[in-house]
Amino acid sequence: MTIRFGTDGWRGIIADDFTFHNLRLASQATADYFQTITDRERTVLVGYDVRFLSQSFASAAAEVFSGNGFRVLLMDRPYPTPYVSFELQRQGLVGGVVITASHNPSVFNGFKVKAEYGGSATSTITQAIEGRLGKTPVRTSTTGIETIAPSGEYFTHLRTLVDWEGIAGSNLRVVVDAMHGSGGRLLEEMLAQTTVQVQTIRGDPDPLFGGISPEPMMPQLEPLAEAVRRSGAAIGLATDGDGDRLGVVSNEGRFVPTLQILPLLLLHAYRHRGWRGSVVHTFSQSQLIGRIATQLSLDVVETPIGFKHIAELMLKGPVLIGGEESGGIGLSRHLPERDGLFLQILLLDLLATTGKGLTALIGDMWTEFGEFHYHRRDLHVGSDASQQLISALKEKPPKDLADRSIHEIRTLDGLKLMLENDSWILFRRSGTEPVLRIYCEAPTETAVTEILEAGINLVEQFAPPGVS
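Basis of the calculations
Counting of residues starts from 1 at the beginning of each chain's written sequence and follows it residue by residue. The predicted nature of this model means local features are confined to residues of pLDDT at least 70 and side-chain atom pairs, given and counted, to a pLDDT of 80 or more, with totals for whole chains, interfaces and linings taken over all residues. Calculated side-chain values reflect all of the structure's heavy atoms, with hydrogen atoms and water omitted. Helix and strand labels come from DSSP, where a helix needs a run of H or I of at least four residues and a strand needs a run of E of at least two; each type is numbered from the N terminus. Computation of the radius of gyration draws on C-alpha atoms alone. For the globule rule, the value is 2.2 Å times the number of residues to the power 0.38. Whether a residue is buried, partly exposed or exposed follows from its accessible area with a 1.4 Å probe, protein chains only, as a fraction of its type maximum: under 20%, in between, or over 50%, in that order. Residues count as neighbours in contact if any of their non-hydrogen atoms are within 4.5 Å of one another. The method behind every accessible area is Shrake-Rupley, applied with a 1.4 Å probe, and residues are considered shielded solely by the protein chains displayed. Charge counting treats Lys and Arg as positive and Asp and Glu as negative, with His and both chain ends excluded. Taken as the charge centre is NZ of Lys, CZ of Arg, CG of Asp or CD of Glu, depending on the residue. What makes two strands pair is DSSP finding at least two bridges between them. Whenever a nitrogen or oxygen atom comes within 3.5 Å of another N or O atom, the pair is scored as a polar contact, on the condition that within protein one atom can donate a hydrogen and the other can accept it, and that pairs from neighbouring residues in sequence are kept only if both atoms are in side chains. Here, a salt bridge means any side-chain nitrogen of Lys or Arg that lies within 4 Å of a carboxyl oxygen of Asp or Glu. The axes used here are C-alpha line fits, helices contributing only the stretch in contact, and every angle between their N-to-C directions lies in the interval 0 to 180 degrees. Helix crossings fall into two classes, left-handed where the near helix is turned counterclockwise from the far one by less than a right angle and right-handed where it is turned clockwise. Residues are grouped as follows: nonpolar covers Ala, Val, Leu, Ile, Met, Phe, Trp, Tyr, Cys and Pro; charged covers Asp, Glu, Lys and Arg; every other residue, Gly included, is treated as polar.

As a further point, take the overall build of the chain. Looking only at helices and strands, the chain has 15 helices and 22 strands in total. In terms of overall dimensions, the chain is globule-like: its C-alpha atoms have a radius of gyration of 22 Å, near the 23 Å expected for 468 residues. Overall, the chain is about 65 × 55 × 40 Å in size when its C-alpha atoms are taken along their principal axes. When each of the 468 residues of the chain is scored for burial, the buried share is 60%. Long-range pairs, those at least 24 residues apart, make up 71% of the contacts in the chain with a sequence separation of at least 6. Accessible surface, the chain: about 17,200 Å² in total, of which carbon and sulfur atoms supply 47%. Of the charged side chains in the chain, 42 are positive and 54 negative, and the gap between their average positions amounts to 3 Å.

A separate point is the sheet that holds strand β10 (residues 235-239). Taken in spatial order, the five strands make up an open sheet running β9-β8-β10-β11-β12, and their pairing is mixed. The open sheet has two edge strands, β9 (197-201) and β12 (255-256), and neither has a second partner. Strand direction decides the pairing type here: strand β8 (residues 173-177) and β10, joined by four bridges, are parallel. Paired with Val175 across the two strands is Gly236, which belongs to β10.

Below, the discussion takes up the side chain of Thr200. Here Thr200 lies in strand β9. Owing to a relative accessible area of 13%, Thr200 belongs among the buried residues under this scheme. Within the local environment of Thr200, its side chain forms a polar contact with the side chain of Glu188, the two groups lying 2.5 Å apart. Apart from the residues within four sequence positions on either side, Thr200 is in contact with Val176, Gly184, Arg185 and Glu188.

So, about the pattern of salt bridges. Evaluated as defined, the whole model comprises 31 salt bridges. Put simply, Asp8, Lys112, Asp242, Asp244, Glu324 and Arg338 are held in one network by salt bridges that share partners.

Contact geometry for helix α9 (residues 258-272) and helix α12 (residues 340-354): axes closest at 11 Å, N-to-C directions at 60°. When you trace α9 past α12, the crossing you get is left-handed. Contact residues: α9 offers Ile261, Leu264, Leu265, His268 and His272, while α12 offers Leu343, Leu346, Leu347, Asp349, Leu350, Thr353 and Thr354. Considering only residue class, the contact of α9 with α12 consists of seven nonpolar, four polar and one charged.

Now the structure itself:
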């Protein structure tokens, strides 16, 4: 079995390819890499999520790091991935790992490597780890492992990034959906002594995530939308399985894609917080980002999909905000890392600062910069078949789609067709699960529907039988 790191770590099906044997191989290769870092404390922090056997996998990884001479700090409970990143940076540790498959279905588990700077391992780091797989015999020990509880410095830091007093006195009503993952009731606990009324749903840990994939988007967030409508809340906020991604439902109970949340937070960070830096977005993000950055005279950079590409740029200079389509947003002001809890607080900061609801804020943004709608479809196509399909489309791309002419073909990550009237559609193989993703943005919801359907029909012409 070949262990390969995707857009954020190595993932596999539990008891199939994600086994204790393979986990120890990955841990040993990571320990060998951590040995090359000599200017940090020789301590490794190990965290884990609520998935089946995650705690046991984390203990096995800890034993490998201990066997290689590292002091090991092992979390005593499932906890959000960004917390591990924050503690690495705060304590000056050599690195860490989190046992999690993030938003993937419950049959998966995974191995995320977090680097000493407090973020996802770069491609250079993961390639170095892959190159060490199987080169050194696995060494284990149970000595030098300390089981630790979370510290409060992380929450103190988050409060300093926003107008906490403004949030505390806002009387906002909020519904929080942890999707049975690591986020639990952390936001509710943070806001316990404020005027904010918080209702948490699906806050209890569940290895099966209630029978869904813990990805904070529709249709998985229907319970959150219903809870917002029923309670009259100002906003609904969700995090994924390991707490590093965000999902949002408006005060009207409508799902708000990250392609609208990222530009809203960009405007908030620039205009209300006074933060500066470049703007980075992945290949599947909104055209609004470029329009806003141009008007604000900010440098904007587009990267392949995967937050690690954004994190790499954060290490080179200040990034005001960077984000991908799937709920991952980060700001250099905090960490070179996605953080769902921080984003939840930043959105509450936006609502408290403006005194407006999310629907009104989106309307204001559209009035100023143009209206855009978005949707994504995932088709169950194996990784190899997805790549073959995209290659076939690249070799013979259509001249038009959904009665709209194609004026540009872009291939930074997958195949992106730029259509007339500020519309686009992107075909891309997922880096974390066996699906083909189809993304689409257009000025109207009707246009998005038409273009997506035409895109699916196009895929069916090239795809093998069984695609759904």
